[in-house]
Amino acid sequence: MAHLKNREEKLKRHRLYYAAHKDKWKAYEKKYREENREKLYEKSKLYQSRHGDKYLGYHEKYRKANKEKIKARNMARYALTTGKIQKSEVCYDCKTKGYTEMHHENYSKPYVVVWLCRRCHRLRE
Ligand SMILES: [Zn+2]
């Protein structure tokens, strides 16, 4: 409890300090932003032009991959209920019987799944 109280004291002191110097901090931040406006703007523009396309490309790819992944997973889950896919309780990789998870080798083939134990699934991904 002593430790907790100490922490509270510290936080309280910090808050008091901040409150007392708030205007000073605000003025400082404002001054910094104003003085460096051009620099900050140039910096962000430069970053955009350098990494913009790549950055977008990466996110676009990531989103698409996940969209396919989610779609494949949903299709497979449904196929499981209709019997199109059959669950295996034996891990495809290590042949251990027990809890298995569905794994897609290829998301464009949602009904082609392998069953893996949690450990092997992790190793694959
Ligand atoms: Zn396994």
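Placed above this text is the structure.
Residues numbered from 1 in each chain as written. Predicted model: local features only at pLDDT ≥ 70, side-chain atom pairs only at ≥ 80, totals over all residues.

Student: Would you explain the overall build of the protein chain in this entry?
Tutor: From N to C terminus, the protein chain includes three helices and two strands. Seen in sequence order, the protein chain has helices and strands lined up from the N terminus as α-α-β-β-α. Over its C-alpha trace the protein chain gives a radius of gyration of 27 Å, far above what one expects of a compact globule, namely 14 Å for 125 residues. Projected onto the principal axes, the alpha-carbon positions of the protein chain cover approximately 70 × 55 × 25 Å. The proportion of buried residues among the 125 residues of the protein chain is 8%. Counted over contacts in the protein chain with a minimum sequence separation of 6, partners at least 24 positions apart contribute 40%. (Helix = DSSP H or I, 4+ residues; strand = E, 2+ residues; numbered from the N terminus. Rg over C-alpha atoms; globule rule 2.2 N^0.38 Å. Buried ≥ 20, exposed ≤ 12 C-beta atoms within 10 Å, placed from the backbone. Contact = placed C-beta atoms within 7 Å.)

Student: Please explain the nonpolar core as it appears in this structure.
Tutor: A general feature of soluble globular proteins is that nonpolar side chains tend to end up buried together. Counting eight residues, the largest nonpolar core is built from Ala 72, Ala 76, Cys 91, Val 113, Trp 115, Leu 116, Cys 117 and Cys 120. Only helix H2 (37-82) and strand S2 (113-116) provide two or more residues apiece to this core. Broken down by element, the residue count for this core peaks at three residues, all from S2. Setting aside chain neighbours within four positions, we find Cys 91 in contact with Thr 96, Thr 100, Trp 115, Leu 116, Cys 117 and Cys 120. (Core = buried A, V, L, I, M, F, W, Y, C linked by C-beta atoms within 7 Å.)

Student: How should I be thinking about the environment of Lys 87 in this particular structure?
Tutor: Structurally, the position occupied by Lys 87 is in the loop between H2 and strand S1 (101-104). A tally of 9 C-beta atoms within 10 Å means that Lys 87 is categorised as exposed. As a C-alpha pair, Lys 87 and Glu 9 span 78 residues in sequence and 57 Å in three-dimensional space. Those residues in contact with Lys 87 that lie beyond four places of it in its chain are Leu 80 and Trp 115.

Student: It is not clear to me how unusual backbone geometry should be interpreted in this structure. Could you clarify?
Tutor: Negative phi values dominate among residues other than glycine, just as trans dominates among peptide bonds. One non-glycine residue, Lys 95, adopts positive backbone phi at about 65°. As for its placement among the helices and strands, Lys 95 is situated in the loop between H2 and S1. The class for Lys 95 is exposed, based on 9 C-beta atoms found within 10 Å.

Student: Explanation requested: the environment of Cys 120 in the structure shown.
Tutor: Checked against the element boundaries, Cys 120 lands in helix H3 (residues 118-124). For the pair Cys 120 and Gln 86, spaced 34 residues apart in the sequence, the C-alpha separation amounts to 19 Å. Among all residues touching Cys 120, those that are not within four sequence positions of it are Cys 91, Asp 93 and Cys 94.

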